[in-house]
Amino acid sequence: ADGQFFFALGLAFDHHRGLLLVVDFGNHRVQAFSCDDGSFVSKLGEEGNQPGQLFYPWGIAIDHDHDRILVADCDNNRVQSWSLSDQSLLSCIGQKGSGDLEFHNPYGMAIDKHHHRITIADTFNNRLVFLSSIDLSFLFSVGKQGSLHGEFDRPLGIAIDDDRHRIIVCDSGNDRVQVLSSIDGSFLFEFG
């Protein structure tokens, strides 16, 4: 039912509208709630593989500069975007693979406002994919399977430190966090 979850796991805050968007993984949707009282407001997506449908979504990000919600549609191996204002579907990009606009279970994502990019943890391709936040075109990717600096084993969570021009990545299979340059994706340091 609306307002109920089956494995809630991703969150994004829309500070312009006072909404909290929650990825409802097991119900293949995203739900929006009022930050004032937690009441249900709306939902987007339903189970399926057509544009606008989701199959085990994971990551979510809000791109206020382009008035859109971005969702990592994990098991459909793509990224979809919806209008933040009216929640209409805007675009659906990607398919399964390891090419430029291909993904293998994208999980985390973050908006790099300074460089006008969206960074996606392409988890089972063991890389980060950088898309233009302007038109969602492919820019470049970094990483490969491994445990050396700049290599990954199932990267999941990702955050952008705009002030220091850094990308912070949870490298789950290597039990560490890596910090990379948000300019070119080069390795800076790791911990854990």
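Student: Whenever I open this one, the overall build of the protein confuses me. Can you help?
Tutor: Summing up its helical and strand segments, the protein has 0 helices and 18 strands in all. The globule rule puts the C-alpha radius of gyration for 192 residues at 16 Å, and the 16 Å found for the protein is close to it. Its C-alpha atoms put the protein at 45 × 35 × 30 Å along the principal axes. Here the protein holds 192 residues, and the buried ones make up 49% of them. Excluding contacts between residues fewer than 6 apart, the proportion of contacts in the protein whose partners are at least 24 apart in sequence is 36%. Accessible surface for the protein amounts to roughly 8,700 Å². Of this, 49% is attributable to carbon and sulfur atoms.

Student: What should I look at first to understand the pairing of strand β4 (residues 40-44) in this one?
Tutor: Regular strands have side chains that alternate between both faces of the sheet. In the sheet, strand β3 (residues 29-34) pairs with β4 via 4 bridges, with the strands oriented antiparallel. Looking at the pairing, Q31 lines up with K43 of β4. Between the antiparallel neighbours β3 and β4 lie 5 residues, among them G38 with a positive phi of about 75°.

Student: Would you mind going over the pairing of β3 with me for this structure?
Tutor: In terms of residue burial, β3 counts as a mostly covered element, since 6 of its 6 residues are buried. Here β3 shows a buried face lined by R29, Q31 and F33 and a second buried face lined by V30, A32 and S34. Pairing between strand β2 (residues 19-24) and β3: 6 bridges, direction antiparallel. Looking at the pairing, L21 lines up with A32 of β3. The turn joining β2 and β3, which pair antiparallel and follow one another in sequence, is formed by 4 residues; a positive phi near 55° is taken by H28.

Cut-offs applied
Residues numbered from 1 in each chain as written. Predicted model: local features only at pLDDT ≥ 70, side-chain atom pairs only at ≥ 80, totals over all residues. Heavy atoms only, no water. Helix = DSSP H or I, 4+ residues; strand = E, 2+ residues; numbered from the N terminus. Rg over C-alpha atoms; globule rule 2.2 N^0.38 Å. Buried < 20%, exposed > 50% of the residue type's maximum accessible area, 1.4 Å probe, protein only. Contact = heavy atoms within 4.5 Å. Areas by Shrake-Rupley, 256 points an atom, 1.4 Å probe, with all protein chains shown as cover. Pairing = 2+ DSSP bridges.

These values are about where atoms sit, not about what they do.
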